[in-house]
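# Summary of structural features
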Amino acid sequence: MKKILITGATGNIGLTLIKYIDKIKLDNKIIAGLRDLNDKERFSQYSDIDFVLFDFEKEATFDNALKDIDRVFLLRPPHISDIDKYFKPLFDKFKEYKINDIVFLSVQGAEISKVIPHNKIERLIKEYQFNYIFIRPSYFMQNLTTTLLNGIKEKNEIVLPSGNAKFNWVDVENISEVCAILLIEFDKYLNKSFEITGYENLSYPDVVKLMNKSLKHNIKYISMNPISFYFYKRREGLSSGFAIVMLILHFLPRFQDEPKISRFYEELTNKKPSSINEFINREKNKWE
Ligand SMILES: NC(=O)c1ccc[n+]([C@@H]2O[C@H](COP(=O)([O-])OP(=O)(O)OC[C@H]3O[C@@H](n4cnc5c(N)ncnc54)[C@H](OP(=O)(O)O)[C@@H]3O)[C@@H](O)[C@H]2O)c1
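A brief structural summary.

With that settled, consider a nonpolar patch on the surface. Together, Ile244, Ile248, Leu252 and Phe255 line one region of the surface with nonpolar side chains, adding up to about 360 Å² of accessible area. Considering the arrangement of structural elements, one finds Ile244 in helix α9 (residues 240-251). Using a relative accessible area of 38% as the deciding quantity, one classes Ile244 as partly exposed.

Okay, structure coming up:
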């Protein structure tokens with residue numbers, strides 16, 4: 001039996017990952033790492049999960065959280081960009097507790113772009129000589145129901161510096177299903193990296209058009225220049241670091257080739273990944 005620590009358990013990926021892993025876990029044990037143990041209640045439908053206090057930013061939580069763990073699902077919380085400061089002490093603890101197996105939620109293109117923190121984490125995982133699987137998803141469809149939700153609901157608008165850049169849209173459900181399978185069948189996929197994408201490369205104007213076909217009222221897309229966008233987000237209360245991450249994520253694709261499409265989800269599950277239309281129809285109540 002393996003004890004598997006899930007970091008980011010309350011996030012987009014974590015919550016759906018636990019749903020999938022609970023179905024196929026065999027005799028493995030899931031331990032959800034939480035920074036607030038009151039969040040346990042969000043997992044009340046599962047009978048067989050343990051919980052542990054775990055905070056990337058509080059080293060004092062590491063010993064208790066890691067002492068019985070064999071394998072870790074690791075993500076980088078979006079606001080953490082100082083990798084040496086937060087991940088090196090954590091990896092030292094992994095070594096101390098003989099934790100060697102890591103499934104890391106990275107991002108498509110992480111191997112190329114040295115400026116993104118995921119690149120640094122991937123390199124660090126290799127330097128520490130852990131057994132690893134890197135999962136590199138494209139652009140989450142769920143950005144429309146999380147980061148962009150308030151703008152859509154309150155102002156009927158999406159404001160980004162993306163112009164007509166094309167993104168590959170992938171459903172968090174599909175990513176989490178892959179993560180669950182690879183966590184359980186870790187040895188079969190050892191030391192490999194997998195891109196997880198949908199089959200559609202679409203721009204924001206394309207996606208807003210599709211949303212407007214399904215929604216009762218129209219939303220509009222405003223493409224803002226990068227400097228105005230940064231200050232717009234700061235005025236909304238976003239931290240400087242997070243505003244910069246959003247800026248890079250949405251502005252750089254204007255100058256890049258269209259994202260590559262991966263067939264890995266279908267190869268692994270024998271199912272097609274979700275289309276953006278399926279996602280819109282499934283989630284449209286959230287915007288209305
Ligand atoms: N959005 C995209 O299009 C996209 C595409 C590819 C890759 N990614 C990558 O996916 C990752 C984010 O995944 P997600 O969307 O599932 O995350 P998310 O929904 O933003 O949730 C973040 C999770 O991290 C936890 N967390 C935050 N700070 C923490 C801390 N100090 N210690 C312990 N846990 C902490 C949060 O817990 P609380 O509930 O306590 O806050 C939450 O569970 C990022 O690395 C991002 O770069 C995103």
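Now that the structure is up, let's keep going.
A word on the environment of Tyr46. For Tyr46, the position within the fold is in the loop between β2 (29-34) and β3 (49-53). Sequence spacing of Tyr46 and Ser240 is 194 residues, and the spatial spacing of their C-alpha atoms is 37 Å. Ignoring anything within four residues of it in the chain, the contact list for Tyr46 reads Leu15, Ile18, Lys19 and Asp22.

For the rest of this paragraph, the subject is the environment of Asp70. With respect to the helices and strands, Asp70 occurs in the loop between α2 (62-66) and β4 (71-74). A residue is classified by how much of its surface remains accessible, and Asp70, at 29% relative accessible area, is partly exposed. When the C-alpha atoms of Asp70 and Pro161 are compared, they prove to be 42 Å apart, with 91 residues separating the residues in sequence. Once you skip the residues sitting within four places of it in the chain, Asp70 turns out to touch Met1, Lys2, Lys3, Ile99, Asn100 and Asp101. Within the structure, Asp70 has its side chain in polar contact with the backbone nitrogen of Lys3 (distance 2.7 Å).

This part covers the site of the ligand. Residues in contact with the ligand amount to 25 residues; listed here are only the nearest, Thr10, Ile13, Asp55, Glu57 and Arg76. Side-chain polar atom of Glu57 to a nitrogen atom of the ligand: 2.4 Å apart, as the coordinates give it. Relative to its unbound accessible area of 940 Å², the ligand is 84% covered by the protein chains. Mapped by element, the contributors of at least two residues to the shell around the ligand are α1 (12-24) and β7 (139-140). The class makeup of the residues in the shell around the ligand is 12 nonpolar, 9 polar and 4 charged.

What follows is about the sheet that holds β3. One open sheet holds the 7 strands; their spatial order is β3-β2-β1-β4-β5-β6-β10, and the pairing between them is parallel. Taken across any chain shown, the strands that pair with only one partner, and hence form the sheet edges, are β3 and β10 (192-196). Each strand axis lies, on average, 20° off the axis of its neighbour in the sheet, ignoring direction. Pairing between β2 and β3: 5 bridges, direction parallel. Bridged to Ile31 within β3 is Asp50. α1 contacts β1 (3-6), β2, β3, β4 and β5 (101-105) of the sheet and is inclined by roughly 155° relative to β1. Helix-sheet contacts for helix α6 (residues 172-184) involve β1, β4, β5, β6 (131-137) and β10, and the interaxial angle to β6 is about 170°.

Mapped onto the elements of the fold, Ser274 is located in the loop between α10 (264-269) and α11 (276-283). Here Asp171 takes part through its side chain, which lies 2.7 Å from a polar atom of the side chain of Ser274.

Looking now at the nonpolar core. Grouped burial of nonpolar side chains is what soluble globular proteins tend to show. Membership of the largest hydrophobic core comes to 38 residues, with the highest contact counts inside it found for Ile6, Phe73, Ile135, Ile175 and Leu182. Elements supplying a minimum of two residues to this core: β1, α1, β2, β5, β6, α6, β10 and α10. When residues in this core are grouped by element, the largest group, 9 residues, is from α6. Residues contacting Ile135, with those up to four places away along its chain left out, are Val103, Phe104, Leu105, Ser106, Val107, Ile175, Val178, Cys179, Leu182, Phe194 and Ile196. In this structure, Tyr139, Ile152, Leu202 and Leu215 belong to the second largest nonpolar core, which totals 33 residues.

Basis of the calculations
Residues numbered from 1 in each chain as written. Predicted model: local features only at pLDDT ≥ 70, side-chain atom pairs only at ≥ 80, totals over all residues. Heavy atoms only, no water. Patch = residues over 30% accessible without salt bridge, like charges linked within 9 Å, V, L, I, M, F, W, Y side chains within 5 Å. Areas by Shrake-Rupley, 256 points an atom, 1.4 Å probe, with all protein chains shown as cover. Salt bridge = Lys/Arg side-chain N within 4 Å of Asp/Glu carboxyl O. Helix = DSSP H or I, 4+ residues; strand = E, 2+ residues; numbered from the N terminus. Buried < 20%, exposed > 50% of the residue type's maximum accessible area, 1.4 Å probe, protein only. Contact = heavy atoms within 4.5 Å. Polar contact = N/O pair within 3.5 Å; in protein donor to acceptor, adjacent residues only side chain to side chain. Near = heavy atom within 4 Å. Nonpolar A, V, L, I, M, F, W, Y, C, P; charged D, E, K, R; others polar. Pairing = 2+ DSSP bridges. Axes fitted to C-alpha atoms, helices over the stretch in contact; angles between N-to-C directions. Core = buried A, V, L, I, M, F, W, Y, C linked by side-chain atoms within 4.5 Å.

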